[in-house]
Amino acid sequence: MSSHRSPAVARLRRARWMMTGLVTVITATAVLVLGFIAATIDSHSRAIEADRQVEKVAFGLARAVQHDEKNALDLSTIVDDELAQGSTAVVVLVREQGQPWKQSHTYQRSLMPADSDISTLATQVEDNSEGTLYKSLRRTATDITGRAVTVVGTPVYWTDWDNIVVVLAADQSMDNPDQHRILVWALLIGGLLLVAASTAAAYLLSGRSQRQALRMLDEHEQFLGDAAHELRTPLATLKLLTESRPEPEEVQQTLDEARKLADRMARLVTGLLARARMQTGIAEPERTLLRLDQLAEAVAEEAADPRILVTAHPAVVVGDPQLLGLAIRNMLENGLTHGAVNRAAPVEVHIAEGRVSVRDHGPGVDPVMSASPFDRGSAGRTGRNGIGLALVAWVAQAHGGNASIEPAVGGGTIATLWLPPADITAGSPTGARP
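Below is a summary of the structure that appears in this document.

What counts and how
- Residues numbered from 1 in each chain as written.
- Predicted model: local features only at pLDDT ≥ 70, side-chain atom pairs only at ≥ 80, totals over all residues.
- Heavy atoms only, no water.
- Buried < 20%, exposed > 50% of the residue type's maximum accessible area, 1.4 Å probe, protein only.
- Helix = DSSP H or I, 4+ residues; strand = E, 2+ residues; numbered from the N terminus.
- Contact = heavy atoms within 4.5 Å.
- Polar contact = N/O pair within 3.5 Å; in protein donor to acceptor, adjacent residues only side chain to side chain.
- Pairing = 2+ DSSP bridges.
- Salt bridge = Lys/Arg side-chain N within 4 Å of Asp/Glu carboxyl O.
- Axes fitted to C-alpha atoms, helices over the stretch in contact; angles between N-to-C directions.

So, on to helix α8 (residues 388–398). The buried fraction of α8 is high, at nine of eleven residues. All of the buried residues in α8 are Gly-388, Leu-389, Ala-390, Leu-391, Val-392, Trp-394, Val-395, Ala-396 and Ala-398. Following α8 by one or two positions, Gly-400 has its phi on the positive side, about 80 degrees.

Attention shifts here to the environment of Leu-417. Along the polypeptide, Leu-417 turns up in strand β16 (residues 413–418). A sequence separation of 16 residues divides Leu-417 from Gly-401, and the C-alpha atoms of the two residues are 7.6 Å apart. Discounting chain neighbours no more than four positions away, the residues touching Leu-417 are Leu-324, Ala-327, Ile-328, Met-331, Gly-354, Arg-355, Val-356, Val-392, Ala-396 and Asn-402.

Turning to the side chain of Thr-416, a few remarks are in order. Relative to the helices and strands, Thr-416 resides in strand β16. The exposure class of Thr-416 is buried, given its relative accessible area of 7%. At a separation of 3.4 Å, a polar atom in the side chain of Thr-416 contacts the side chain of Ser-357. Discounting chain neighbours no more than four positions away, the residues touching Thr-416 are Met-331, Arg-355, Val-356, Ser-357, Asn-402, Ala-403 and Ser-404.

Attention shifts here to the pairing of strand β4 (residues 102–107). Where strand β3 (residues 89–95) lies against β4, five bridges are found, and the strand directions are antiparallel. Following the sheet pairing, Val-94 is matched in β4 by Lys-102. The antiparallel pairing of β3 with β4 creates a hairpin that spans six residues between the two strands, and Gly-98 there sits at a positive phi of about 80 degrees.

Now for the pairing of strand β11 (residues 347–352). Here five bridges tie strand β9 (residues 308–312) to β11, and the two strands are oriented parallel to one another. Residue pairing in the sheet places Ile-308 in a bridge with Val-347 of β11. The pairing of β11 with strand β12 (residues 355–359) spans five bridges and is classified as antiparallel. Bridged to Ile-351 within β12 is Val-356. Linkage of β11 to β12, two consecutive antiparallel strands, is achieved through a turn of two residues, within which Glu-353 is found at a positive phi near 50 degrees.

Looking now at the pattern of salt bridges. Once their charged atoms are close, side chains differing in charge can pair, the charge on each being opposite to the other. Here the structure, examined in full by the defined rule, presents five salt bridges. Residue Arg-291 is joined to Asp-293 by a salt bridge in which the shortest nitrogen-to-oxygen separation is 2.8 Å. Judged by relative accessible area, which is 32%, Arg-291 ranks as partly exposed. The class for Asp-293 is buried, based on a relative accessible area of 5%. One salt bridge in this structure joins Arg-307 and Asp-305, with 3.1 Å as the shortest N-O distance.

Before going further, it helps to spend a moment on the sheet that holds β11. Read from one edge to the other, the open sheet built from five strands follows the order β9-β11-β12-β16-β15, with strand pairing classed as mixed. Among the strands making up the open sheet, the edge pair consists of β9 and β15 (402–407). When strand polarity is set aside, the average angle formed by the axes of neighbouring strands in this sheet is 15 degrees. Contacting β9, β11 and β12, helix α6 (residues 292–303) crosses the sheet at an angle of about 165 degrees to β9. The strands touched by α8 are β15 and β16; relative to β15, the strand with the most contacts, the crossing angle is about 135 degrees.

The analysis is restricted to geometry; functional conclusions fall outside its scope.
Here it is as structure tokens:
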């Protein structure tokens, strides 16, 4: 990673962590709120169910309280009643006029408050009833072990007996509290797992979304590096030409050389921009039927070098004329610049069946470059090859073809650009890659 790319990468990393943190906070907040609502609803529903059960026991047993002919309290019906045999605590208190409360029957006494509190609750039930039968009183208290319980008291009156009877029923303030605790732990653990999963997903997805940005940074950096590397030499040469004082008879030659340098720079910039736009998805290669032989001949004529010998056979392909012309031109420049031993050695161009081959009669493929001659910056005997051959390989790949450089029989090298031939008989370009 280059040093001038580090600030941008650091900003992307900070943005990644900020997005991850934001998703984590939002998810944690949502989980906390939903978990609190779910736990509250469950707690409230269990409290209502507990109250309903306690009221059911208190009312049911109050109706079962009887007294005999001797005005003695008959609790046999309560003892045998199913309501007095469950998990709900029961205390039956009786009080004669002017006397304190007496506990005539108890069941699950540990779930009831202390004796003094029970007497107080019974008095409150009596005062609240105001002589009305079965008007209950509900209170929240603590049993003798300190647990919160709901107590419901119901008075019992008789017209033929002056004693007052109060039935107290008590149970935990929440129905099945163990299940509620399990639910709370499940919400807590599930929420933590959900937050962790969302954090990991946000981190991975943000990193994946930033790969495109990193790739664009790499391509931008490569574009700038390629442009600087390729334009440095022609710009320096052009500067020397403009600063020199040629003789009158050399002015035209100097202008011609300056024009060639300007054309070469324009082609380089065009190729670099086309590659950058297509690699970033801004543009797509043009797909048109064209005569590859005619295109190659036009490029060779434009080069106007007597060393170029062209042998062309009709070849129809599907492709972008501008990009293919750039690739062929780079192959010719490579043959003329790096392959020729002397200025008299020919550069032979052969076109047939979607294939363009450029042969030079130079020293052959440098062993240093033989492994990857199309890589940008590969170094050989004549120095760095720049991006000319790299653009050839890229153009071939963009058209569904390939490019190669191999030693030629008798010396020199052969650079080949191969493209899938177009199926003109079927009326559609089968060789084109979408």
